[in-house]
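# Commentary on secondary and tertiary structure
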Amino acid sequence: MSELQLSLKTDKSQALHQKDQQTYLPTFRRMPIAFKKGEGCKLWDVDGNEYLDALAGIAVNSLGHAHPAVTKAVSKAAENLLHVSNFFVTEAQVGLAERLTSASGLEHVFFANSGTESFEGAVKIARKFAHKNGRGGKIISMKNSFHGRTLAAIAAGKPKMQVGFGPMPEGFKQIPFNDIEAFKNEISDEVAAVVLEPVQGEGGINVATKAYLEELRALCDEHNIVLMFDEIQCGMGRTGKLFAKDHFGIQPDIMTLAKALGNGVPIGAILSNRRVSSAIDFGDHGTTFGGNPLACAAGIAVFDTVSRKEFLEEVTEKGIYLREKLSALKAKFDCIKEIRGLGLMVGVDFDFEAKSLVMKMLEKGVIANATADTVLRLVPPLIISKEEIDHLVNVIEETIPEFQNK
């Protein structure tokens, strides 16, 4: 553990970290802080130190912490109904399903517990559709993509995440992102679907081009291939549109959601059009906890807040403001190679590894993270104020000189 990590730990957090190390499967490199409370875009650790959250639980807490609408919805649900199984209908599930299908233009929804589970279910739907139409089950995904941590999800994702977990499930092939010729070369009767993130998150905040998605959609129509959009990270208002697909005017056959849909309450969703959904028969898929009344109540509160036109316009405005401030830093520091993103999903690409920068920002009271090695990922709560954006950028500016030209 680095000196920086040790310097941030206090007696209270140290004790909690020691207990955590004794009991929790060591799959995470924990940051040296134990949090106790959150409100808006702020978090407080067990010792009362305040932090600005520019990570939002990895694009989950889009309405920040302790948002009154979500708190009220979850509290009310807990007082009435937590779970009844999917043998029965509940008002909350129907209410959220109606909202999502109406807003997306996709006729059917299946609720899951997470993003990776949503991806797995989407693959099953796509393959069942392909099977009924005499096609193979091959799934084409993009290099630098991320769809979760289950076996099928890592088979479609980064090769380094597959090491030690073989044999991998068959039928997955990666191609370069934004490269239509690479997709054309893969087209055959064996291909069931192509899946991509309109804005790659873990891959470094890479944005698809409109021309690429338009041609991809046309080729999928021509060859009866299912087009799947993974909007687990870039959906639900993150880019300034309710769904990232709305920036491009492209309608997928299947779209997955999770993360911000519950603002921290675990819920995922698979949305699919009627044509593809028709392939699914009773018993083809299921879930015990997915879409329970509490999770759907949280989802309704999030949807009703985030989907408002004024709210999304503010996200767009604040995203532009953030990128303008960061562009000013790029003009000042040669170590910034590029600034990418849409709305409040922003990546700052440096000529050095960004992890050390993130740790130093944490020491200064700002939470962010590094992805794709050199990219500082900024996905703050969508309710962040311009004053908080100013503070975020100021801390980045103060921190960069410690790492440039090293």
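Parameters and conventions
Residues numbered from 1 in each chain as written. Predicted model: local features only at pLDDT ≥ 70, side-chain atom pairs only at ≥ 80, totals over all residues. Heavy atoms only, no water. Buried < 20%, exposed > 50% of the residue type's maximum accessible area, 1.4 Å probe, protein only. Helix = DSSP H or I, 4+ residues; strand = E, 2+ residues; numbered from the N terminus. Pairing = 2+ DSSP bridges. Axes fitted to C-alpha atoms, helices over the stretch in contact; angles between N-to-C directions. pLDDT = per-residue confidence, 0-100. Contact = heavy atoms within 4.5 Å. Parallel < 35°, antiparallel > 145°, perpendicular 65-115°, else oblique. Left-handed = near helix turned anticlockwise from the far one by under 90°. 1 Å grid on protein atoms, 1.4 Å probe; cavity = no way out; pocket = protein on both sides within 12 Å on 5 of 7 lines; lining within 4 Å. Points joined across faces, edges and corners; volume = space filled by probe spheres on them. Nonpolar A, V, L, I, M, F, W, Y, C, P; charged D, E, K, R; others polar. Salt bridge = Lys/Arg side-chain N within 4 Å of Asp/Glu carboxyl O. Core = buried A, V, L, I, M, F, W, Y, C linked by side-chain atoms within 4.5 Å. Phe/Tyr/Trp six-rings, centres within 6.5 Å; stacked < 30°, edge-to-face > 60°. Patch = residues over 30% accessible without salt bridge, like charges linked within 9 Å, V, L, I, M, F, W, Y side chains within 5 Å. Areas by Shrake-Rupley, 256 points an atom, 1.4 Å probe, with all protein chains shown as cover.

### Some remarks on the pairing of strand β10 (residues 226–230)
The buried fraction of β10 is high, at five of five residues. In this structure, strand β7 (residues 191–196) lies alongside β10, joined through four bridges in parallel fashion. Residue Val195 lies in a different strand from β10, and its bridge partner there is Met228. Alignment of β10 against strand β11 (residues 254–257), held across three bridges, turns out to be parallel. Looking across to β11, one finds that Asp230 is bridged to Thr256.

### Points about the sheet that holds strand β13 (residues 336–342)
Across the sheet, four strands lie side by side as β13-β14-β17-β16; this open sheet has antiparallel pairing. A single partner strand is all that each edge strand has here, and the edge strands are β13 and β16 (369–371). For this sheet, the mean inter-axis angle between neighbouring strands, taken without regard to orientation, is 30°. The pairing of strand β14 (residues 345–350) with strand β17 (residues 375–378) spans four bridges and is classified as antiparallel. By the bridge assignment, Asp349 is partnered in β17 with Val375.

### A few points about the confidence of the model for the protein
Of all residues in the protein, 97% have pLDDT values of 70 or greater, and the mean over the chain is 95. Scored below 50 in pLDDT, residues 1–6 makes eight contacts in the model with residues more than four places away or belonging to other chains.

### Comments concerning the packing of helix α13 (residues 355–363) against helix α14 (residues 386–399)
The contact between α13 and α14 brings their axes to 10 Å, and the two run at 120°. The angle between α13 and α14 falls in the class oblique. In this structure, α13 crosses over α14, and the sense of that crossing is right-handed. Taking contact as the criterion, the partners of Leu357, Lys360 and Met361 in α13 are, on α14, Leu392, Val395, Ile396 and Thr399.

### Considerations on empty space enclosed by the protein
Within the structure shown, the criterion is met by one cavity of 30 Å³ or more. As for the largest cavity, its lining consists of 13 residues, of which Ser85, Asn86, Gln93, Gly291 and Asn292 are closest to the centre. Across the lining of the largest cavity, the residue classes tally to four nonpolar, nine polar and no charged.

### Considering the pattern of salt bridges
This model, assessed by the stated rule, comprises 27 salt bridges. With its nearest N and O atoms 2.9 Å apart, the salt bridge here joins Asp20 to Arg30. Residue Asp20 is found in helix α2 (residues 11–23), and its partner Arg30 is found in the loop between α2 and β1 (35–39); the two are separated by 10 residues along the sequence. For Lys360, the salt bridge is made with Glu363, and the minimal N-O distance between the two is 2.8 Å. With Lys360 and Glu363 both in helix α13 and three residues apart, this pair spans about one turn of that helix.

### Remarks on the nonpolar core
Ranked by size, the top nonpolar core spans 102 residues in total, and within it Leu100, Met236, Leu326, Leu376 and Leu378 carry the most contacts. Considering every element that reaches this core, the biggest residue donor is helix α11 (residues 293–306), with 10 residues. Apart from residues lying up to four places away in sequence, Met236 is in contact with Leu100, Leu242, Phe243, Leu257, Ala260, Leu261, Val302, Phe303, Val306 and Leu382. Counting residues in each nonpolar core, the second largest holds 22 residues, with Ala130, Ala156, Phe172 and Val195 among its members.

### So, the packing of aromatic side chains
The final tally for this structure, using the stated rule, is five aromatic pairs. For the ring pair Tyr24 and Phe28, a centre distance of 6.0 Å and an interplane angle of 35° mean the geometry is tilted. Among the residues examined, Tyr24 registers a relative accessible area of 43% and is labelled partly exposed. Between the aromatic rings of Phe35 and Tyr51, the centroid separation amounts to 5.3 Å while the plane-to-plane angle is 90°, which identifies the pairing as edge-to-face. Of this pair, Phe35 sits in strand β1 while Tyr51 is found in strand β3 (residues 50–53), placing the two residues 16 residues apart along the sequence.

### Things to note about the layout of surface pockets
Estimates place the volume of the second largest pocket at around 640 Å³. Lining the second largest pocket are 22 residues, with Val109, Phe110, Ile280, Phe282 and His285 positioned closest to its centre. Secondary-structure elements contributing two or more residues to the lining of the second largest pocket are α5 (91–104), β4 (108–112) and β12 (268–272). Looking at the lining of the second largest pocket element by element, the count peaks at four residues for β4. Taken together, the residues of the lining of the second largest pocket break down into 10 nonpolar, 10 polar and two charged.

### Observations regarding the side chain of Arg135
Considering the arrangement of structural elements, one finds Arg135 in the loop between α6 (115–132) and β5 (138–142). Not counting residues up to four positions away in its chain, the partners in contact with Arg135 are Ala130, Ser188, Asp189, Val191, His223, Asn224 and Ile225.

### Details of the sheet that holds strand β2 (residues 42–45)
Strand order in the open sheet formed by four strands is β1-β2-β3-β15, and the pairing between neighbours is mixed. The sheet is open, and its two borders are formed by β1 and β15 (366–367), each paired with just one other strand.

### Points about a nonpolar patch on the surface
Among the surface-exposed residues, Tyr24, Leu25 and Phe28 lie close enough to one another that they form a single nonpolar patch of about 360 Å² accessible area. If you trace the backbone, Phe28 turns up in the loop between α2 and β1.

### Examining the packing of α5 against α11
Here α5 crosses α11 at 40°, and the two axes come no closer than 8 Å. What the angle tells us is that α5 and α11 run oblique. Note on packing geometry: the crossing formed by α5 with α11 is left-handed. The residues of α11 that touch α5, namely those facing Ala92, Gln93, Gly95, Leu96, Arg99, Leu100 and Ala103, are Pro293, Cys296, Ala297, Gly299, Ile300, Phe303 and Asp304. When its residues are assigned to classes, the contact of α5 with α11 shows nine nonpolar, three polar and two charged.

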